[in-house]
Amino acid sequence: MTHEMTALKALSARVGADPLLVQAAGGNTSLKQDGVMWIKASGTWLQHAKERDIFVPVAIAPLLKALERDDPACESCTDFVRGDLNSLGLRPSIETTVHASFAHKVVLHVHCIETISWAVREDAEARLQEKLAGFDWAFVPYRRPGLPLAKEIRLRLKPETNVLVLGNHGLVVAADTVAEAERLLERAVQAVVKPARRPVSPDTAALAELAQGTRYVPSPDAIVQSLAFDAQSLAQARKGTLYPDHIVFLGAGISVAEEGEAPARAAERIGRAGRPEPKLIVVPGKGVLLPADATPAMHAMARCLADVGLRLTQAEPVRVLTLDEELALVNWDAEKYRQSLPPA
Ligand SMILES: [Zn+2]
């Protein structure tokens, strides 16, 4: 293994272990060498980069040619995997084309909380221009990860661009060495740090009682609990889905129990309407519930939402994903889902 690959694995593990940069299997890193791009495999976690093989080799030249002709093979990129080097049979990240669009050798893509808390604003580009004026950066409006996002990036990318903010999504930095990429990531994150309110640490004993006999339990994370006690976070979170990984792991937006409504009743009410069973239930003033069998990824995504929420004020103009954008991310029956929605 080359020195740079060793360095990338170490950096990936560090970045992946920071919940303010990466949550669960989100985010990805890559290194280009000898015509091959090593990119994080789909579904693997960056924080495991040192102890597990999480990188997949992709042949760069055919992928770039396919991107130029908008070939649907660029959605999964599996056609471009170098089978001779891919002993574990891993599949490349859905965001492989984001990395391939850069000529730089090293690309880091993170779901940075500070960046996301700007990138969900309707006026994200103008506000970020104030923060990132000293960078060669570009803003990319929200597009579905895969070919649509890659196309939008290629429209906006100039040869010198090495920082991208993806609307309702995250941050990308690119450099020619791992060390330079790490420094650029630190500088970019520092430039967009947003003041965060302190999470209140509530007593969730009353909530545990309310949830008795249901399949839900209080989240053990004090920051997640802040969603139920911080009125500004809750006001923004209940507007809808802020970024793609939220809907993939926790369903659309959040479910909020009505005044005096038991959590079990809230879950039933939403289920009856034909919508997917809620995974995150907020009982305002009492706490946040997650399914008792919630996966580590669900816990991480709940924490992500709470971390973003603590950086948003109620007055900020937040843009949530549209219904069509949500449907493009999940396999729900589009028509059933549409009909289940309350009249606008
Ligand atoms: Zn992403």
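Here, the structure is the one placed above.
Residues numbered from 1 in each chain as written. Predicted model: local features only at pLDDT ≥ 70, side-chain atom pairs only at ≥ 80, totals over all residues. Heavy atoms only, no water.

### Comments concerning the sheet that holds strand β9 (residues 255-256)
Heads up, the rule is: For two strands to be treated as a pair, DSSP must find no fewer than two bridges joining them. The secondary structure listing takes helices from DSSP runs of H or I that are at least 4 residues long and strands from runs of E that are at least 2 residues long, numbered from the N terminus.
If you trace the 4 strands from one edge of the open sheet to the other, you get β8-β11-β10-β9, paired in mixed fashion. Of all strands in the sheet, those with a lone pairing partner are β8 (216-218) and β9, marking the two edges.

### Topic: the coordination of the zinc ion
The cut-off we apply is this: Nitrogen, oxygen and sulfur within 2.8 Å of a metal are treated as its donors, or within 3.2 Å for sodium, potassium and calcium (Na, K, Ca); water is not counted, so a site can appear incomplete.
Around the zinc ion, the donor atoms from the protein are Glu95 (OE), His109 (NE2), His111 (NE2) and His169 (NE2), and they sit 2.0 to 2.2 Å away. Expressed as a motif, the donor residue spacing for the zinc ion is E-x13-H-x1-H-x57-H. Of this pair, Glu95 sits in the loop between α2 (60-68) and α3 (96-100) while His111 sits in the loop between β4 (106-110) and α4 (113-119), and the two are 16 residues apart along the sequence.

### Looking at the sheet that holds β4
Our working definition: Between N-to-C directions, angles cover 0 to 180 degrees, with each direction set by a line fitted to C-alpha atoms, over the stretch in contact for helices. When checking whether two residues touch, look at their non-hydrogen atoms; a contact exists if any pair is within 4.5 Å.
Spatial ordering of the open sheet is given by β3-β2-β1-β4-β7-β6-β5, a layout of 7 strands whose pairing is mixed. The sheet is open, and its two borders are formed by β3 (55-59) and β5 (137-140), each paired with just one other strand. On average, each strand axis in the sheet is tilted by 15° relative to the strand beside it, whichever way the strands run. In this structure, strand β1 (residues 28-33) lies alongside strand β2 (residues 36-40), joined through 4 bridges in antiparallel fashion. Residue pairing across strands places Lys32 opposite Met37, the latter belonging to β2. On the sheet, helix α6 (residues 147-156) packs against β5 and β6 (163-166) and is oriented at approximately 145° with respect to β5. In the packing of helix α7 (residues 178-191) onto the sheet, contacts are made with β4, β6 and β7 (170-175), and the angle to β7 comes to roughly 145°.

### Section: the packing of aromatic side chains
Rules: The criterion for an aromatic pair is that two Phe, Tyr or Trp rings (for Trp, the six-membered ring) have centres within 6.5 Å, with stacked assigned to planes under 30 degrees apart, edge-to-face to planes over 60 apart and tilted to the rest. Think of it as a cone above the ring: NZ of Lys or CZ of Arg counts as a charge over the ring if it is within 6 Å of the ring centre and within 35 degrees of the ring normal.
This structure, assessed with the given rule, holds 0 aromatic pairs. Over the ring of Trp118 we find Lys194; its NZ or CZ atom is 4.6 Å from the centre of that ring.

### A few points about the nonpolar core
Let me state the cut-off plainly: Each nonpolar core is a collection of buried residues, namely Ala, Val, Leu, Ile, Met, Phe, Trp, Tyr and Cys, held together in the definition by side-chain atoms within 4.5 Å. With a 1.4 Å probe rolled over the protein chains alone, any residue whose accessible area is under 20% of its type maximum counts as buried; one over 50% counts as exposed, and the rest are partly exposed.
Judged by nonpolar contacts, the single largest core of 36 residues is most densely connected at Leu128, Leu171 and Leu185. Of all the elements in the fold, those that place two or more residues in this core are α1 (3-16), β4, α4, α5 (124-131), β5, β6, β7 and α7. Sort the elements by how many residues they give to this core and α7 lands first, with 6 residues. Residues in contact with Leu171, not counting those within four places in the same chain, are Leu108, His109, Val110, Cys112, Thr115, Val163, Leu164, Val165, Leu185, Ala188 and Val189.

### Comments concerning the packing of α1 against α7
Counted only if it meets this: For classification purposes, angles smaller than 35 degrees are called roughly parallel, those larger than 145 roughly antiparallel, those between 65 and 115 roughly perpendicular, and all remaining angles oblique. For this scheme, ten residues count as nonpolar: Ala, Val, Leu, Ile, Met, Phe, Trp, Tyr, Cys and Pro. Four count as charged, namely Asp, Glu, Lys and Arg, and the remainder, Gly too, count as polar.
Contact geometry of α1 with α7 gives a least axis separation of 9 Å together with a crossing angle of 25°. Overall, the two elements α1 and α7 adopt an arrangement that is roughly parallel. Where α1 approaches α7, its residues Glu4, Ala7, Leu8, Leu11, Arg14 and Val15 are matched on the opposing element by Val178, Glu182 and Leu185. Residues of the contact of α1 with α7, tallied by class, amount to 6 nonpolar, no polar and 3 charged.

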